Protein chains: 2
Amino acid sequence: MGEFELLAQIRERLPAAGAQVRLGSGDDAAVTVPGGATATSVDAVVEGVHFRRDRASLAQIGHKALAAALSDLAAMGAEPGEAYVALGLPADLGEGECLELLDGMAALAAAAGTTLAGGDVTRAAELFLAITVVGHADSAELLVTRGGARPGDILVVTGELGGAAAGLQLLADDARVDPPGVGSTLASSLRARQLEPRPRLAAGGALAGAGATAMIDISDGLGGDARRLAEASKACLRIDAAAIPLAAGLQEVAAGADRDPLELAIGGGEDYELLASVPRERFEEAQQAVEEAEKGMKLTAIGEVTDGAGVEIRLPGGAILAPAGYDQLA
Amino acid sequence: MGEFELLAQIRERLPAAGAQVRLGSGDDAAVTVPGGATATSVDAVVEGVHFRRDRASLAQIGHKALAAALSDLAAMGAEPGEAYVALGLPADLGEGECLELLDGMAALAAAAGTTLAGGDVTRAAELFLAITVVGHADSAELLVTRGGARPGDILVVTGELGGAAAGLQLLADDARVDPPGVGSTLASSLRARQLEPRPRLAAGGALAGAGATAMIDISDGLGGDARRLAEASKACLRIDAAAIPLAAGLQEVAAGADRDPLELAIGGGEDYELLASVPRERFEEAQQAVEEAEKGMKLTAIGEVTDGAGVEIRLPGGAILAPAGYDQLA
């Protein structure tokens, strides 16, 4: 199947375009009429670096690539709008597999109210996806950067942490037997946390509406992402490890692998939850807004913003962990 | 050098942000405030498929990747705005080479009035660049699609065709000796047509302003791109081959390689000139507008739009060539 035929088939599978899209895929460029400000982010994933085809289905690979990109829009509190996808396809990837990849993306796009508005397809030695997402807000001031955390603000996270790391552990173990205390339903849901993360778009919008002063998505681990928020805000983030909401099953998976659950929750990454700072007096409003925005979603206070720099995580024993972050090309 | 350090170095080299950019690279997403409509296009290039590191410098690779993306904005008549770059970097690419790649992109971005507003960097087995460009217009109606050519319109092209194909021939020959009749200056300029194409942004804007009814950039060859414009417009494009403006030196390079210069001009591709249809009564206005917009640039009438379908190219001997286009994944 050639490029244009594949593109035509891809176009047929795209969900209907959003209101701001005047012209979708198929011309030199897509045409949109944004109402106010736009937030734009790019995320690229590469086979062997970010995913393995023997551990994830092509639909999951497509889903996760788009989810990771949309998560950056969630972290701005932006309304998701359009996605543009560049695909590098290896010769051994069949037509059906290409379309499965796309279906995974299209399903998430539809669920997230995002229009797949354009893209490019090329041959490549290894499978890669580079996804640009565009979100919208009525004005630039309504978008939440990493730089606005102020001393006195409460630090909050959405959902639970460590689930994606536990899922990765389960996938890495190639375990046919789930660890003690982890039933097959729970094990499946942990694997899904790793393979099919859900961008917290509604929660991000709710936090922005409730006055969040700074926000970042937890893609590289709470420790490293907190450090980036602290640096951008020129403030210190003090986190109480005992307050971090741990994913159900994390304790058991960690025990089975002889690992520290907190290490997985703080350093594991890929949870795609949101870390935000909110003014102390608006914390309850933020909590309520998030719970209303996403059914079953909790917002948990895990610490506070103070004067100073860096991140200090107080461990249950009283020791202070200062995550150095990391700097790897991955 | 790690990802964040590299990103920090990259950020330092970026030219100043354009007026519509409220927040550039470094947060979860870039923030812009577009005035009216936006045109967005994605273009991905992969080592071994689109370029070879032994034939092009890294600065040229960066330049050409961005040029190809911006060429799609030119074909919409959009004002260039922002570019977002996903880079896949192989392990053998050193820090200096990464920065050279970026410098090539940044130089073109500055010349083209484009802000490099964000990106992502990842490890990859082979070098790839996936570039999303966003252009602007006061309203969606001012952007020119491929679909508006009407019977009676004059078909025009900017500049000269076949230069990039001739340059590729010179590069492929690995010729230390330039062909008879091609001086070293001309040979260099043909190689530059292949390695450092210039997106026709000003000409595209001028054509849009002069009422172009349809427009496409000639990236895959006049024959194939004309076919796409004909299909989108549901019309027939009749082209007089004798009227096609051939690049200086093309005849000589083609003769030296025992190839037909018209074949190179029609099928060669990568000239990144514009093919457009303009109402007959506005042809002279369009010609003048393009000449004023880009110094030394000519606009040439090469045929007309008629009822029917497809593309008919009348060759000098009287034969009619109906390019089937092609459909390869490249």
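One can find the structure itself at the top, above this paragraph.
Worth saying up front: this structure is predicted, and the values here are computed from it rather than measured.

Cut-offs used in this document
Residues numbered from 1 in each chain as written. Chains lettered and ligands numbered in written order. Predicted model: local features only at pLDDT ≥ 70, side-chain atom pairs only at ≥ 80, totals over all residues. Pairing = 2+ DSSP bridges. Helix = DSSP H or I, 4+ residues; strand = E, 2+ residues; numbered from the N terminus. Contact = placed C-beta atoms within 7 Å. Axes fitted to C-alpha atoms, helices over the stretch in contact; angles between N-to-C directions. Nonpolar A, V, L, I, M, F, W, Y, C, P; charged D, E, K, R; others polar. Core = buried A, V, L, I, M, F, W, Y, C linked by C-beta atoms within 7 Å. Buried ≥ 20, exposed ≤ 12 C-beta atoms within 10 Å, placed from the backbone. Parallel < 35°, antiparallel > 145°, perpendicular 65-115°, else oblique. Least-squares fit on C-alpha atoms with pLDDT ≥ 70 in both. Expected span 1.5 Å × (residues − 1).

**Quick look at the sheet that holds strand β7 (residues 154-158) of chain A**
Residue and element names in this part refer to chain A.
So, point 1. As summarised here, the arrangement of the seven strands in space is β8-β10-β7-β11-β9-β12-β13, forming an open sheet in which the pairing is mixed. Both outer strands of the open sheet, β8 (214-218) and β13 (320-321), are each paired with one neighbouring strand and no more.
So, point 2. Packed onto the sheet, helix α6 (residues 201-209) meets β7, β8 and β10 (273-278) and runs at close to 5° relative to β10.

**Here's the deal with the interface of chain A and chain B**
So, point 1. Chain A puts 56 residues into the contact, and the matching count from chain B is 57 residues.
So, point 2. If one sorts the elements of the side of chain A that touches chain B by residue count, strand β3 (residues 37-46) of chain A sits on top with nine residues.
So, point 3. Class assignment for the residues of the side of chain A that touches chain B results in 30 nonpolar, 13 polar and 13 charged.
So, point 4. The pairing of strand β2 (residues 30-32) of chain A with strand β3 (residues 37-46) of chain B spans three bridges and is classified as antiparallel. Within β3(B), the residue paired with A:V31 across the bridge is B:A39.

**Considerations on the nonpolar core**
So, point 1. Core analysis: the biggest nonpolar cluster contains 228 residues, and A:L207 and B:L207 have the highest contact counts within it.
So, point 2. With residues near it in sequence (within four places) discarded, B:L207 still touches B:G77, B:A212, B:M215, B:L274, B:A276, B:A286 and B:V290.

**Structural notes on the packing of helix α4 (residues 163-172) of chain A against helix α5 (residues 184-195) of chain A**
Residues and elements named next belong to chain A.
So, point 1. Where α4 meets α5, the closest approach of the two axes is 7 Å, and the angle between their N-to-C directions is 105°. Looking at the two axes, α4 sits roughly perpendicular to α5. Residues G163, A164, A166, G167, L168, L170 and L171 of α4 form the contact with α5, whose own contacting residues are A187, L190, R191, A192, R193, Q194 and L195.
So, point 2. Its residues placed into classes, the contact of α4 with α5 shows nine nonpolar, three polar and two charged.

**What to know about the packing of helix α2 (residues 58-74) of chain B against helix α6 (residues 201-209) of chain B**
If you want to describe how two helices pack, look at the angle between their axes and the distance between the axes.
Residue and element names in this part refer to chain B.
So, point 1. Interhelical geometry of α2 versus α6 gives an angle of 10° and a closest axis separation of 8 Å. One finds that α2 runs roughly parallel with respect to α6. Along the contact surface, α2 presents L70, L73 and A74, while α6 presents L201, A203 and G204.
So, point 2. Within the contact of α2 with α6, the residues separate by chemical class into five nonpolar, one polar and no charged.

**Description of the relation of the copies chain A and chain B**
So, point 1. Superposition of chain A onto chain B requires a rotation of 180° combined with a translation of 0.0 Å along the rotation axis, giving an RMSD of 0.0 Å. The two molecules are tied by a two-fold rotation axis, judged by turn and shift.
So, point 2. Take the interface residues of chain A: 100% of them recur as interface residues in chain B, which is what a same-surface contact looks like.

**Focus: helix α7 (residues 222-233) of chain B**
All names here are of chain B.
So, point 1. Here α7 spans 16 Å end to end across 12 residues, near enough to the 16 Å set by a 1.5 Å rise per residue.
So, point 2. The element α7 is largely enclosed, with a buried count of nine among its 12 residues.
So, point 3. All of the buried residues in α7 are L222, G223, G224, D225, A226, R227, L229, A230 and S233.
So, point 4. Its buried side turned inward, α7 meets β8 (214-218), β9 (236-240), α9 (261-267), β10 (273-278) and β12 (310-314).

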